[in-house]
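# Architecture at a glance
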Amino acid sequence: MSMMRYVILQQGQELKFVEMPADYAYQLSALNLRLNKEIDKLTAREVPALPRAIAECDRLDLLQESLRITSGLDYINELEASFSSIQEENYPLISLLTEIRALQAQLEQWYEEEGAS
């Protein structure tokens, strides 16, 4: 069984727990930091709200039934969908989408290989 890490994201008072393959958790955290740095530069009318990565951990035991763990691939797919729907004309959005899609492709390959083992 592969080692997993958890990236904890916060948006307002809401927390999101994203389960990532250990080798890719840092990439999600770094991508999140970059997106948060660049999102204010977007000039489109409808820009998605973006949580901030606040922590990573190796083990996670949720004690409230209302909290859920999201798979890394599900999260990155949602992120890609929200950024690809932005109607941006002034900022080179393609560079951000390229980074999102690169991690998305790596995760798809990882899950495919894990499913085959």
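Here, every reference points to the structure presented above.
Owing to the predicted nature of the structure, the values given are computational and were not obtained by experimental measurement. (Residues numbered from 1 in each chain as written. Predicted model: local features only at pLDDT ≥ 70, side-chain atom pairs only at ≥ 80, totals over all residues. Heavy atoms only, no water.)

Before going further, it helps to examine the pattern of salt bridges. Evaluation of the coordinates by the stated rule reveals eight salt bridges. In this structure, Lys16 engages Glu78 in a salt bridge whose closest nitrogen and oxygen atoms are separated by 3.7 Å. Pair noted here: Lys16 is in strand 2 (residues 14–21) and Glu78 is in helix 2 (residues 72–84), with a separation of 62 residues, a long-range link. The partly exposed category is assigned to Glu78, whose relative accessible area is 44%. A salt bridge links Arg34 to Glu99, with the shortest nitrogen-to-oxygen separation between them at 2.3 Å. Of this pair, Arg34 sits in helix 1 (residues 22–38) while Glu99 is found in helix 3 (residues 93–116), placing the two residues 65 residues apart along the sequence. Note on Arg34: relative accessible area 27%, which makes it partly exposed. The network of salt bridges with shared partners includes Arg34, Glu38, Lys41 and Glu99. (Salt bridge = Lys/Arg side-chain N within 4 Å of Asp/Glu carboxyl O. Helix = DSSP H or I, 4+ residues; strand = E, 2+ residues; numbered from the N terminus. Buried < 20%, exposed > 50% of the residue type's maximum accessible area, 1.4 Å probe, protein only.)

Before going further, it helps to examine helix 2. The terminal C-alpha atoms of helix 2 lie 18 Å apart, and with 13 residues this matches the ideal 18 Å at 1.5 Å per residue to within 8%. Those residues of helix 2 not exposed but buried are Gly72, Leu73, Tyr75, Ile76, Leu79, Glu80 and Phe83. Angular distribution of buried residues about the axis of helix 2 spans 160°; they occupy a single face of the element. (Expected span 1.5 Å × (residues − 1). Arc of directions from axis to C-beta.)

Okay, the environment of Asn77 next. Examined against the element boundaries, Asn77 turns out to sit in helix 2. Taking the C-alpha atoms as reference, Asn77 lies 14 Å from Leu96; in sequence the two are 19 residues apart. Ignoring any residue separated from it by four or fewer positions in sequence, one finds Asn77 in contact with Gln104 and Glu108. (Contact = heavy atoms within 4.5 Å.)

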